Amino acid sequence: MNDRDDHPLLAGLTAAQRDAVATVDGPLLILAGPGSGKTRVITRRTAYLLTLGVPPWQILALTFTNKAAGEMRERVDRLLEQGPPARGLTISTFHALCARLLRRYAPMMEGAPRWGVRGDYTIYDTDDQTSLMKRVIADLGLTTGNWSPRTVLGQISAAKNQLQDAAAFAAGAADFHSKMIARLYDAYERGLRHANAVDFDDLLMLSVRMLRENADVRNEVQARWKYLMIDEYQDTNHAQFVLSTMLVGESAGEAGASDASSVEGLPGIEDDEPAAPDPAPRGGGRRNVCVVGDPDQSIYGWRGADIANILSFEEQYPGAKVIALGENFRSTAPILRAADGLIRHNKRRKHKPLIATRGDGHRPEVILCRDEHHEAAVVVDWIRALREFGAAGGADGSRSAPAWKDFAIFYRNNALSRVVEDALRQAGMPHVIVRGTAFYQREEVKDAVAYLRVVANPADEVSLRRIVNKPARKLGTTSIEKLAEAAAASGRTLMDTMRDAARVGDLTPAAAGAARRFVELVDQWTGGGSFMGASVPDSLPDLVSRVISESGLEGHYRALRDKGNEEDAERLANLEEIVSSARDFQEQYDAASDPASDLGEARAAALAGPDGAATPPLLALLRAYLERVSLVADADAVDPASGAITLMTLHAAKGLEFPAVAMIGLEEGLLPSMRAMENDPGEPEEERRLCFVGITRAMQRLLITSAKYRSVRGLRERTIPSRFIAELPAQDVIVSDQSESWEEDDFIRRGIEDDQGPSRRPDSGPRSPAARKLLDTFGGSSPRSPGSAPRTRAPVDDPQFPAGCKVRHPQFGVGTVREVSGLGVNRRATIAFLQAGTKTLILQYAKLERV
Ligand code: ATP
Ligand code: MG
């Protein structure tokens, strides 16, 4: 113990955590199990560094999701309550960081061989990539039947994660198949560059390339960030690993040398920040990199993550300090023992003991269900019982009834969510499915975003092709192909070719006129590319709103809605939602934290376009907004304040915690997944880690279910319980087989609609030894699930909230009642909210008002 222990930011931490927070110089590895405070340490350490006087812009913290980055920023701000907000602090995901580095430094790579990315590039998502790849395959005279775009893109992605560009891949291609992939990769890369576009993997690969090849970029970046922290380090891939070493600096000497030479040009020092760099930077010359992680939670191997990155940290940074955190603050002892018992079955690991500080609690329950409908009913009953009897307890361990938001339901893949979701809806339990990408994948939203992308990057051909004739402008496929051919022949972009379409020989005058008018439309918003002039919108929401209305998209969907199409009413609401999201983005945008926009004046002049102008602010904001839209991930939709049960995949659950967790679908082929078993028939260790991650999210209550029959693509199949159930320590879990007691209810509940009832199916019986052991474990049947009685599900007429009426919800805003069902306390309404989407709420709790 010494003076530093009095520091307020070290209060409430264990000795090991304090050590981790206060060790700010030199490489540091924190290797610890779930719930041990690793993420907390990173947050505290960031705040602690700031209180030591480290300027915020010298700190870079990398998290796994945008959501986690946002939360960490909020927490740091809260921890620093007294001080000024930490402007210029970078907390980000790897991809968002790279997107910004690329935007900022791409111009400095101009002229490098096979570079071709400008600062105004577009990020292509999976759909865009597939569109491009299909065209590439056709252009090479191949067929998508023999060359599946998905498979080819998968191989290219794997190469990029290994930092192999098309040329490097071609150099290493020996057999026919690899040589063909190399050709496709090369053409795909050219297609991306022609459209001034990059894919997700490029963000990392191209950033590494800039840092490796350009000493100015490297020096500037290394001079800016002196303190690097990375959460969830066990899930970094090779590209991320190399990137992090480049950010830290190759060697202590080099990092030190760069201090003096380039700190002068340190960008983005705001007026309220000290004008001169710290005269004696803390730990200058030492590589202040702190990574935290848990090898037992590495679950992204299938996407190229390499557990070796964390295991070899000490080799990479000789003399690194290693700290273990031995206490778990999240889960009760039985939950931790179950998790521990499971993960011990992985052979390739080093054991880390974890002490449960929360003490004893309820044992996790494992219930074998009849089928997925029974499973869903069991989950619903479990939630209802915990809420009624308050048995989950509050987060503080009290016995108060848990709120809806205290519950989470996890599954291995999204397809499993539908039946549970239906059951929750019928039971009137508010719930949200965490699919952050869902909104941006809707047709109308993609259309609007495609327009915005063309505004930001007129070379983006995939986006341009998507909207050039939407709504219809008499620019059919034939005309576009003619224009595209002319573009290819002249080496110009499609947009430029459209600009003087009249010169494209075999185009009809009508089509040429339509093409020109389209260009004029875009020119109005962009001021012909200058973003200056009376016709240019003055804010991001204004731009988005004008693009939606002046493009004709809004009118197109309004006309459809007026024909009485409900779905199109929703589409209109979604278009409005994009305008709101642009408004929110503009309000929250912190330019000082955006490495792409915080150019010092000298740098800005050096990097400006040929006419010497810096990026117009509206364009900079639009690019940042589009970047956010492109990088949104499913996990970003987690909203702990939503007042609803959270449904999500196990992968999305990483890093989170909930008082009560249900994990469904623990069956061979689901968890462990079929693909994992095929790839690694011996031991699906990564799948076991995924299961471990799920279990260790639970604070007080855990339910695991497995269904004896499950319908897969309409076919009802006999399943085998997951081997992971049998691996749970028997004394620490309560196992019950309820699969037989359900059948009768099942028939009542569903009406005798299924004439091939479960009992008439041949029972192939369990095959694996693990499954046989499991069935032994299950032994006899236990009492049937308490709430599995038949329930009313038909819609009813509610005098207070008839279908079609407009209501206001305190949190979700205005919406239209679609349907009311259920009786008494179970009466619930399905409401389509303008902003929040469709939700089912219990009337008793919903506090709805008619409007
Ligand atoms: P995971 O491996 O799942 O990401 P983690 O190691 O990052 O877990 P945190 O999420 O940081 O763990 O912490 C788990 C929980 O324990 C959080 O609710 C956190 O606030 C709490 N916690 C951490 N350290 C302490 C402490 N010293 N005292 C009390 N609570 C703590
Ligand atoms: Mg964490």
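Calculation notes
- Residues numbered from 1 in each chain as written.
- Chains lettered and ligands numbered in written order.
- Predicted model: local features only at pLDDT ≥ 70, side-chain atom pairs only at ≥ 80, totals over all residues.
- Heavy atoms only, no water.
- Helix = DSSP H or I, 4+ residues; strand = E, 2+ residues; numbered from the N terminus.
- Buried < 20%, exposed > 50% of the residue type's maximum accessible area, 1.4 Å probe, protein only.
- Contact = heavy atoms within 4.5 Å.
- Areas by Shrake-Rupley, 256 points an atom, 1.4 Å probe, with all protein chains shown as cover.
- Axes fitted to C-alpha atoms, helices over the stretch in contact; angles between N-to-C directions.
- Parallel < 35°, antiparallel > 145°, perpendicular 65-115°, else oblique.
- Left-handed = near helix turned anticlockwise from the far one by under 90°.
- Core = buried A, V, L, I, M, F, W, Y, C linked by side-chain atoms within 4.5 Å.
- Pairing = 2+ DSSP bridges.
- Expected span 1.5 Å × (residues − 1).
- pLDDT = per-residue confidence, 0-100.
- Salt bridge = Lys/Arg side-chain N within 4 Å of Asp/Glu carboxyl O.
- Near = heavy atom within 4 Å.
- Nonpolar A, V, L, I, M, F, W, Y, C, P; charged D, E, K, R; others polar.
- Phe/Tyr/Trp six-rings, centres within 6.5 Å; stacked < 30°, edge-to-face > 60°.
- Lys NZ or Arg CZ within 6 Å of the ring centre and 35° of its normal.

1. Section: the overall build of the protein chain
Consideration 1: Looking only at helices and strands, the protein chain has 33 helices and 25 strands in total.
Consideration 2: Sorting the 851 residues of the protein chain into buried and exposed places 56% on the buried side.
Consideration 3: When contacts within the protein chain are restricted to residue pairs at least 6 apart in sequence, long-range pairs at least 24 apart make up 76% of them.
Consideration 4: Total accessible area computed for the protein chain in this model is approximately 35700 Å², and 51% of it derives from carbon and sulfur atoms.

2. Focus on the packing of helix 24 (residues 553–562) against helix 25 (residues 566–588)
Consideration 1: Where helix 24 meets helix 25, the closest approach of the two axes is 8 Å, and the angle between their N-to-C directions is 155 degrees. Comparing the axis directions of helix 24 and helix 25 gives the class roughly antiparallel. Taken as a pair, helix 24 and helix 25 cross one another with a handedness that is left-handed. Seen from helix 24, the contacting residues are L553, E554, Y557, R558, L560 and R561; seen from helix 25, they are D568, A569, R571, L572 and L575.

3. Details of the nonpolar core
General note: in soluble globular proteins, nonpolar side chains tend to be found buried as a group.
Consideration 1: Counting 71 residues, the largest nonpolar core has W115, L203 and L247 as its most contacted members.
Consideration 2: No other element matches the eight residues that helix 4 (residues 94–105) contributes to this core.
Consideration 3: The residues contacting L203, other than those within four sequence positions of it, are H95, C98, A99, L102, Y121, I123, V198 and L631.
Consideration 4: L483, A514, L572 and I578 belong to the second largest nonpolar core, which has 55 residues in total.

4. Examining the sheet that holds strand 2 (residues 59–63)
Working definition: the strands of a sheet are paired by backbone hydrogen bonds and lie parallel or antiparallel to each other.
Consideration 1: Pairing is parallel across the open sheet formed by six strands, whose spatial order is 3-2-6-7-1-8. Strands with a single pairing partner mark the edges of an open sheet, and in this sheet they are strand 3 (90–93) and strand 8 (321–323). Ignoring strand direction, the axes of neighbouring strands in this sheet form an average angle of 15 degrees.
Consideration 2: Sheet topology places strand 2 next to strand 3; four bridges connect them, and they run parallel.

5. Observations regarding helix 27 (residues 617–631)
One turn of an α-helix holds 3.6 residues; hence residues three or four places apart share an orientation.
Consideration 1: Over its 15 residues, helix 27 runs 21 Å from end to end, which matches the ideal 21 Å to within 8%, given 1.5 Å per residue.
Consideration 2: Burial analysis of helix 27 places 13 of its 15 residues in the buried class, which makes it a mostly covered element.

6. Section: the confidence of the model for the protein chain
Consideration 1: Model confidence for the protein chain is summarised by a mean pLDDT of 82, while 82% of its residues fall at 70 or above.
Consideration 2: Contacts of residues 598–612 to residues separated by more than four positions or lying in other chains number 21 contacts, the stretch itself having pLDDT below 50.

7. Let's talk about the pattern of salt bridges
Consideration 1: Applying the stated criterion across every chain, the model contains 55 salt bridges.
Consideration 2: Residues D199 and K160 are paired through a salt bridge, measuring 2.8 Å at the closest nitrogen-oxygen approach. Of this pair, D199 sits in strand 5 (residues 197–199) while K160 sits in helix 6 (residues 149–161), placing them 39 residues apart in sequence.
Consideration 3: By relative accessible area, which is 1% here, K160 ends up buried.

8. Describing the site of ligand 1
Consideration 1: Among the 19 residues in the neighbourhood of ligand 1, the closest are listed as Q17, K38, T39, E657 and R697.
Consideration 2: When isolated, ligand 1 has an accessible area of 640 Å², and the protein chains bury 81% of it.
Consideration 3: In terms of residue class, the shell around ligand 1 is made up of three nonpolar, ten polar and six charged.

9. Structural notes on the environment of L848
Consideration 1: Following the sequence through the fold, L848 ends up in the loop between helix 33 (843–846) and strand 25 (849–850).
Consideration 2: Among the residues examined, L848 registers a relative accessible area of 13% and is labelled buried.
Consideration 3: Taking the C-alpha atoms as reference, L848 lies 5.1 Å from H809; in sequence the two are 39 residues apart.
Consideration 4: With near-sequence residues (within four places) excluded, L848 lies in contact with F801, V807, R808, H809, I831 and L843.

10. Concerning unusual backbone geometry
Consideration 1: Cis geometry marks the peptide bond from K470 to P471, where omega comes out at 0 degrees.
Consideration 2: With respect to the helices and strands, P471 occurs in the loop between helix 19 (461–467) and helix 20 (477–490).
Consideration 3: A cis amide bond links L671 with the next residue in sequence, P672, at an omega value of 5 degrees.
Consideration 4: If you trace the backbone, P672 turns up in the loop between strand 15 (658–663) and helix 28 (674–679).
Consideration 5: Positive phi, normally seen in glycine, also occurs at K474, with a value near 65 degrees.
Consideration 6: For F531, which is not glycine, the phi torsion reads 55 degrees and is therefore positive.
Consideration 7: Here F531 shows up in the loop between helix 22 (509–526) and helix 23 (540–550).

11. Focus on the environment of T357
Consideration 1: One can find T357 in the loop between strand 10 (355–356) and strand 11 (365–369).
Consideration 2: Ignoring any residue separated from it by four or fewer positions in sequence, one finds T357 in contact with E327, N328 and F329.

12. Description of the pairing of strand 21 (residues 806–809)
Consideration 1: Side-chain alternation along strand 21 places V807 and H809 on a buried face and K806 and R808 on a face that remains uncovered.
Consideration 2: Pairing of strand 21 with strand 22 (residues 813–821), which is carried by four bridges, proceeds in the antiparallel orientation. The partner of V807 across the bridge, within strand 22, is G815.
Consideration 3: Counting the residues between successive antiparallel strands, the hairpin from strand 21 to strand 22 contains three residues.
Consideration 4: Note: strand 21 against strand 25, two bridges, orientation antiparallel. Paired with V807 across the two strands is R850, which belongs to strand 25.

13. Looking at the packing of aromatic side chains
Consideration 1: According to the stated counting rule, one finds eleven aromatic pairs in the structure shown.
Consideration 2: Summarising the aromatic geometry, the rings of F585 and Y625 are spaced 5.5 Å apart at their centres and angled 65 degrees between planes, so their arrangement reads as edge-to-face. Taken together, the positions of F585 in helix 25 and Y625 in helix 27 put the pair 40 residues apart, joining distant regions of the chain. The pair F585 / Y625 is uniform in exposure class, with both members buried.
Consideration 3: Each member of the aromatic cluster is reached from another via a ring pair, and the members are F64, Y300 and W302.
Consideration 4: K654 extends its terminal NZ or CZ atom over the ring of F64, reaching a point 3.5 Å from the ring centre.
Consideration 5: Just above the ring of Y709 sits the side chain of R718; from NZ or CZ to the centre is 5.8 Å.

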